[in-house]
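Tertiary structure, described
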Amino acid sequence: MSDRPQPLFITFEGIDGAGKSTHIATLAERLRHQGRAVTVTREPGGTALAEALRESLLRTSMDALTEALLVFAARRDHLRHVIEPALAAGQVVLCDRFTDATFAYQGYGRGFDLDVLRTLERWVQSGPAGWRQPDLTLWFDVPPEVAAARLAQARAPDRFEAQPQAFFERVAAGYAARAAEAPQRIVRIDARAEVSAVWQQVEAACRARGVLP
Ligand code: TYD
């Protein structure tokens with residue numbers, strides 16, 4: 001058996017205002033402290049092309065199919081040029097949002113056909129190593145009204161953040177549905193609590209999976 005640590009693909013999900021960003025940074029720091037090489041990235045984005053697509057997605061109105069295709073086009077580029085090479089090099093990849101966000105936002109939020117999303121998911125995430133899925137997904141679950149209050153104190157909203165609360169209720173229901181479909185992969189974090197209490201849950205989930213000692 002090799003001593004080389006297993007690569008890990010960990011994604012972070014939740015509605016806007018759920019507060020995942022701080023915990024991504026803390027987990028990256030902890031993993032680096034353990035001597036792991038870590039790539040921190042985000043979706044949509046992570047490559048020059050995917051970041052350009054992100055700009056359009058966050059600013060330009062478009063129909064739900066166009067939106068879904070652009071999100072998956074960005075994901076394909078990101079997988080090929082960042083995520084797969086980092087995993088192949090034995091790194092841990094921490095990704096701020098991935099395909100669960102597409103099911104939650106484009107599927108449940110915008111009402112786009114879930115079967116089409118499932119087909120795109122299989123096309124886009126398949127490669128030489130098979131069908132790529134995160135090894136672990138931390139789902140920061142927070143009631144939409146709490147998230148809205150947090151966002152109101154932050155910056156000017158983008159096209160998604162400007163959606164009404166009813167949209168985020170559907171997105172939250174989408175995350176709950178995805179979590180029910182993949183209970184082994186998706187761990188629910190109660191993100192209503194203060195930052196330190198939320199981190200304790202993140203740490204516990206990572207310890208339970210052997211991600212942290
Ligand atoms: P977000 O992580 O909220 O970025 P930031 O914290 O910098 O605002 O992601 C940007 C938005 O993109 C977010 O509102 C959700 C949306 N999104 C989708 O609609 N579908 C997707 O597949 C992904 C990955 C994100």
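As a reminder, the structure under discussion sits directly above these lines.
Figured I'd write up the structure that's included with this text.

Scoring rules and cut-offs
Residues numbered from 1 in each chain as written. Predicted model: local features only at pLDDT ≥ 70, side-chain atom pairs only at ≥ 80, totals over all residues. Heavy atoms only, no water. Near = heavy atom within 4 Å. Polar contact = N/O pair within 3.5 Å; in protein donor to acceptor, adjacent residues only side chain to side chain. Areas by Shrake-Rupley, 256 points an atom, 1.4 Å probe, with all protein chains shown as cover. Helix = DSSP H or I, 4+ residues; strand = E, 2+ residues; numbered from the N terminus. Expected span 1.5 Å × (residues − 1). Buried < 20%, exposed > 50% of the residue type's maximum accessible area, 1.4 Å probe, protein only. Arc of directions from axis to C-beta. Contact = heavy atoms within 4.5 Å.

**Points about the site of the ligand**
Around the ligand there are 18 residues in total, and Asp16, Arg54, Arg97, Thr102 and Gln106 lie nearest to it. Between an oxygen atom of the ligand and a side-chain N or O atom of threonine 102, the distance comes to 2.6 Å. At 3.2 Å, a side-chain N or O of glutamate 161 approaches an oxygen atom of the ligand. Compared with its free state, where it exposes 550 Å², the ligand has 91% of that area covered by protein. At the level of secondary structure, the elements contributing two or more residues to the shell around the ligand comprise α2 (48-59), α3 (64-88) and α4 (99-109). Here the shell around the ligand gets four residues from one element, more than from any other, and that element is α4.

**Regarding helix α8 (residues 195-208)**
Counted at 1.5 Å a residue, the expected span for α8 with its 14 residues is 20 Å, and the 20 Å between its end C-alpha atoms agrees. All of the buried residues in α8 are Val198, Trp199, Val202, Glu203, Ala205 and Cys206. Across the axial projection of α8, the buried residues extend over an arc of 160°, all falling on one side. Away from the buried face of α8 by more than 90 degrees, exposed residues Gln200 and Ala208 are located. Against α1 (21-33), β6 (136-141) and β7 (186-190) lie the buried residues of α8. Once α8 ends, the next one or two residues include glycine 210, with phi positive near 75°.

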